Protein chains: 2
Amino acid sequence: MKEISKLMSYRESIRVVDATLRDGGLVNDFFFDDDFVKSLYLTNIKSGVDYMEFGYRGDKEMFDPEKFGKWKFCDDDDIRAIVGDNDSDLKIAIMADVGRCNYKQDIRPKSESPVDLIRVATYINQIPTAVDMIEHAKNNGYEVSCNIMAISSAQEGDVRAALDILGQTAVDVIYIVDSFGALYPEQLQRVAALYMEYGEKYNKKIGIHAHNNQQLAFANTIEAVGDGVDWLDATYSAMGRGAGNCAMELLLGFLKNPKYKVFPVIKFIDEHMNKLRESGVKWGYDLQYLMTGLLNQHPRTAIEFTKKDRKDYAEFYKEIVALD
Amino acid sequence: MKEISKLMSYRESIRVVDATLRDGGLVNDFFFDDDFVKSLYLTNIKSGVDYMEFGYRGDKEMFDPEKFGKWKFCDDDDIRAIVGDNDSDLKIAIMADVGRCNYKQDIRPKSESPVDLIRVATYINQIPTAVDMIEHAKNNGYEVSCNIMAISSAQEGDVRAALDILGQTAVDVIYIVDSFGALYPEQLQRVAALYMEYGEKYNKKIGIHAHNNQQLAFANTIEAVGDGVDWLDATYSAMGRGAGNCAMELLLGFLKNPKYKVFPVIKFIDEHMNKLRESGVKWGYDLQYLMTGLLNQHPRTAIEFTKKDRKDYAEFYKEIVALD
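Bear in mind the structure is a predicted one, so any value in this text is a computation, not a measurement.

J.: Is there a simple way to think about the nonpolar core in this case?
T.: Generally speaking, soluble globular proteins have nonpolar side chains that are buried together. Among the nonpolar cores identified, the biggest contains 239 residues, and Phe54(A), Ile176(A), Tyr195(A), Phe54(B), Ile176(B) and Tyr195(B) are the most heavily contacted of them. Residue contacts for Ile176(B): discarding those within four places in its chain leaves Ile151(B), Leu188(B), Val191(B), Ala192(B), Tyr195(B), Ile206(B), Gly207(B), Ile208(B), His209(B) and Val229(B).

J.: I would appreciate a short explanation of the sheet that holds strand β1 (residues 15–18) of chain A in the present structure.
T.: Either a parallel or an antiparallel arrangement is found when strands of a sheet pair, and the pairing is made through backbone hydrogen bonds. All names here are of chain A. What the eight strands build is a closed barrel, ordered β1-β2-β3-β4-β5-β6-β7-β8; its pairing is parallel. For this sheet the average axis-to-axis angle between neighbouring strands, irrespective of direction, equals 25°. Strand direction decides the pairing type here: strand β2 (residues 51–56) and strand β3 (residues 91–97), joined by four bridges, are parallel. Each bridged residue has a counterpart across the sheet, and for Tyr 56 the counterpart in β3 is Met 95.

J.: Is there a simple way to think about unusual backbone geometry in this case?
T.: Most peptide bonds take the trans configuration, and most residues that are not glycine carry a negative phi. Backbone geometry at Gln215(A) places phi at a positive 55°, although glycine is not the residue there. Turning to its location among the elements, Gln215(A) is positioned in the loop between β7 (205–209) and α9 (217–226). With phi around 50°, Cys74(B) is a residue other than glycine that occupies positive phi space. Topologically, Cys74(B) is positioned in the loop between β2 (51–56) and α4 (76–83).

J.: Whenever I open this one, the packing of aromatic side chains confuses me. Can you help?
T.: What the rule picks out here adds up to 26 aromatic pairs over all chains. Ring geometry for Phe254(A) and Tyr184(B): centres 4.7 Å apart, planes at 85°, overall edge-to-face. With Phe254(A) in helix α10 (residues 248–254) and Tyr184(B) in the loop between β6 (173–177) and α8 (185–202), this pair bridges two chains. For Phe254(A), a relative accessible area of 5% gives the class buried. The exposure class of Tyr184(B) is buried, given its relative accessible area of 9%. With 6.3 Å between their ring centres and 80° between their planes, Phe218(B) and Phe254(B) make a pair best called edge-to-face. Of this pair, Phe218(B) sits in helix α9 (residues 217–226) while Phe254(B) sits in helix α10 (residues 248–254), placing them 36 residues apart in sequence. Per residue, the accessibility class of Phe218(B) equals that of Phe254(B), and both read buried. Connected via pairs of aromatic rings, a cluster forms that spans Phe32(A), Phe36(A), Tyr236(A) and Phe268(A). The ring of Tyr56(A) has Lys72(A) lying over it, and the distance from NZ or CZ to the ring centre is 5.8 Å.

J.: Please explain the sheet that holds strand β4 (residues 117–122) of chain B as it appears in this structure.
T.: Residues and elements named next belong to chain B. Strand order around the closed barrel formed by eight strands is β1-β2-β3-β4-β5-β6-β7-β8, with parallel pairing between neighbours. Direction aside, neighbouring strands of the sheet carry axes that sit 25° apart on average. Where strand β5 (residues 143–148) meets β6, four bridges bridge the pair, whose relative direction is parallel. Directly across from Ser 145, in β6, lies its bridge partner Val 173. Relative to β6, α8 is tilted by about 165°, and along the sheet it contacts β5, β6 and β7 (205–209).

J.: Honestly, the side chain of Thr43(B) in this entry has me stumped. Any pointers?
T.: Residues and elements named next belong to chain B. Along the chain, the position of Thr 43 falls in helix α3 (residues 34–47). Note on Thr 43: relative accessible area 9%, which makes it buried. Contacts of Thr 43, omitting those with residues within four sequence positions, involve Tyr 236, Pro 264, Val 265 and Phe 268.

J.: What's the story with the interface of chain B and chain A in this structure? I'm lost.
T.: In many reports, interface size means the accessible area that the parts give up when they come together. Residue-level contacts link 41 residues of chain B with 41 residues of chain A. Area buried by chain B at its contact with chain A is led by Met1(B), Glu186(B) and Arg190(B), which between them contribute 17% of it. Our count for the contact surface shared by chain B and chain A stands at zero salt bridges. Of all the secondary structure elements, the ones that give two or more residues to the side of chain B that touches chain A are α1 (4–8), α8, α9, α10, α11 (263–278), α12 (287–294) and α14 (313–323) of chain B. With six residues, the single largest contributor to the side of chain B that touches chain A is α11(B). Here the side of chain B that touches chain A is composed, by residue class, of 24 nonpolar, six polar and 11 charged.

J.: Help me understand the relation of the copies chain B and chain A in this model?
T.: In summary, the two copies of the chain are related to each other by a rotation about an axis coupled with a shift along it. Placing chain B over chain A gives an RMSD of 0.0 Å and needs a rotation angle of 180°, together with 0.0 Å of translation along the axis. On the angle and the small slide along the axis, the relation comes out as a two-fold axis. The fraction of interface residues of chain B whose copies in chain A are also interface residues reaches 100%, indicating that both copies meet through the same surface.

J.: So what exactly am I meant to see when it comes to the pattern of salt bridges here?
T.: Pairing between side chains of opposite charge can happen when their charged atoms approach one another. Overall, the coordinates contain 48 salt bridges over all chains when judged by the stated rule. We note a salt bridge from Asp76(B) to Arg57(B), for which the minimum N-O separation is 2.7 Å. Here Asp76(B), found in helix α4, pairs with Arg57(B), found in the loop between β2 and α4; they are 19 residues apart in sequence, far enough to count as distant. With a closest N to O distance of 3.0 Å, Lys282(B) and Asp309(B) form a salt bridge. Of the two residues, Lys282(B) sits in the loop between α11 and α12 while Asp309(B) sits in the loop between α13 (300–307) and α14, which places them 27 residues apart along the sequence. When salt bridges with common partners are traced through the structure, they connect Arg22(A), Asp23(A), Glu53(A), Arg119(A) and Asp233(A) into a single cluster.

J.: How do you make sense of empty space enclosed by the protein when you look at a structure like this?
T.: Rolled over the atoms, a probe as big as a water molecule pinpoints where empty space is left. Residue and element names in this part refer to chain A. Under the defined criterion, the tally for this structure stands at one cavity of 30 Å³ or more. Size it by volume and the largest cavity reaches roughly 40 Å³. Lining the largest cavity are Ser 179, His 211, Asn 213, Arg 241, Gly 242, Ala 243 and Pro 299. Residues of the lining of the largest cavity, tallied by class, amount to two nonpolar, four polar and one charged.

J.: Sorry if this is basic, but what is going on with helix α6 (residues 127–139) of chain A here?
T.: In an α-helix there are 3.6 residues to a turn, and that puts residues three or four apart on one side. Residues and elements named next belong to chain A. For α6, with 13 residues, the first-to-last C-alpha span of 18 Å sits near the 18 Å given by 1.5 Å per residue. Those residues of α6 not exposed but buried are Ile 127, Ala 130, Val 131, Met 133, Ile 134, His 136 and Ala 137. Elements that come into contact with the buried residues of α6 comprise β3, α5 (103–106), β4 (117–122), β5 (143–148) and α7 (156–167). Gly 141 sits one or two positions beyond α6 and adopts a positive phi of about 100°.

J.: Would you mind going over the environment of Val120(A) with me for this structure?
T.: Residue and element names in this part refer to chain A. In this fold, Val 120 is placed in strand β4. For Val 120, a relative accessible area of 1% translates into the label buried. Sequence separation of Val 120 and Cys 146 is 26 residues, and the distance between their C-alpha atoms is 4.7 Å. Among residues more than four places away in sequence, those in contact with Val 120 are Ala 96, Val 98, Ala 130, Met 133, Ile 134, Val 144, Ser 145, Cys 146 and Asn 147.

Each value, and the rule that gives it
Residues numbered from 1 in each chain as written. Chains lettered and ligands numbered in written order. Predicted model: local features only at pLDDT ≥ 70, side-chain atom pairs only at ≥ 80, totals over all residues. Heavy atoms only, no water. Core = buried A, V, L, I, M, F, W, Y, C linked by side-chain atoms within 4.5 Å. Buried < 20%, exposed > 50% of the residue type's maximum accessible area, 1.4 Å probe, protein only. Contact = heavy atoms within 4.5 Å. Pairing = 2+ DSSP bridges. Helix = DSSP H or I, 4+ residues; strand = E, 2+ residues; numbered from the N terminus. Axes fitted to C-alpha atoms, helices over the stretch in contact; angles between N-to-C directions. Phe/Tyr/Trp six-rings, centres within 6.5 Å; stacked < 30°, edge-to-face > 60°. Lys NZ or Arg CZ within 6 Å of the ring centre and 35° of its normal. Buried area = accessible area lost by both parts, 1.4 Å probe. Salt bridge = Lys/Arg side-chain N within 4 Å of Asp/Glu carboxyl O. Nonpolar A, V, L, I, M, F, W, Y, C, P; charged D, E, K, R; others polar. Least-squares fit on C-alpha atoms with pLDDT ≥ 70 in both. 1 Å grid on protein atoms, 1.4 Å probe; cavity = no way out; pocket = protein on both sides within 12 Å on 5 of 7 lines; lining within 4 Å. Points joined across faces, edges and corners; volume = space filled by probe spheres on them. Expected span 1.5 Å × (residues − 1).

Right, here's the structure in full:
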């Protein structure tokens, strides 16, 4: 049982990362208008959020800039157009995917960039490249985190090996990522204990990025808080790929540090997020995501089901059980 | 941390109670058609659900039978029209509210009724009447459970006193009820420990009935399972008052006893629940319920907000904070 004294208190070391533009961008191809982004930036400052992730630094040789909004690429100049000199306590983050980012060319020295934190995202079999990206970003002066994706389908031995390698790099934060929304809180607790073991050994912070396939993104995130995990990803209205993420409005309601304020988040949702939904952008918990989560499968079939506006849930279940 | 051996295994003593008609009836005034109810009954049998709650036994002097569907009253004959002699493993439950049920007249001997379980629902200040109802139902041959509602706003001393009184009655099961959807799993764990203490002392089973205001109904229910709570309420598509309940499809996906099957639940939702939503019946997680949950308030203001089709969440937050 968590200590009762800790339930009423808070840890100064908690960091909240707003991933709305980045994970949310996956459902609208990053077409957010500047008013939305600027307003989100100001809201994050007001509500005490620690980091705002603007999107990916995608490789323009690989992704056609005509086909995506600018936050797929996060040019420094585009970020600057929103944040100016970012004269605030909010730090700026971007994500760089292993294999989808031309990092040696596109990640320039921190002195030339408004970005504070580079978030390297990797599958477990790509760790050596992730290490190279981490060192490159570190050498260029950034804070660096690393997301090991899809761990619910990885072997514990492989996860240990990855943590041991990452522990020896200059990375600042290592993230638990439940890409499939497959983990229950009681499992998350064990995963967190494993990550914390390496975090303590190598003096790294641990983070959590959850998905809401089984309506557990928030529950898993606060389970992780109780287990000592300090870096917490959330998105406004839980906007994110498939079933979405941990909702910022739930997380800031839970956290007890007085610097976090939930009202600006509610105001932003009122003014912006519902409009986005009404414009036809789709995300969030639904039966098809529950099913892929339950079966510990990648949500790609459920995303396809959603895109096609299918409603034949029973038929879909038969299809994905057959894939299992 | 929960024992790892228990995560893969299951407890024979778990009981799943389908409360769709009863808690769901609160959002459509119990107007379910017979085809829906019959199909739900057959689905519960197929999916291994242990109890099906048909509705309330409301006092017809107090509630006008012209204004509500029949499951507000659950006449034995109406239940029999659906279940016949109920030649199945599924048991039949109804709820009787303290102060809203003419129990001495309307709860007749079990030998004349298809009902197996009477669920007495009470606020903490009504315990003496609840005790009288429990003894009446027991003397008439029923299994009996008792729901103490709205405990998130009760004093622990009062909850202890109530548990000590109920422990000395003939009641079979005592329920933890998070009426406001205000509890976090780490709090639920403490509440469960308290109820289990009295459950062990008086040889009573403990149950959980959760609400989804903060997307924690399922998380709190499985937290309770890990804490030894055996009786679990759930509803199809989480249908229930306000933000709804723990979703049956999530719960049966989690439980490992092979008798529980999730596919019939998905099929029922596919065929019936979405139609119900499309017909205009409204329930489920939304920002207004998050806010009342967060503030540990009764959801009545949020229900009103929903009924009026209001979308001005920020204004609503100001209103309810002023009520706090």
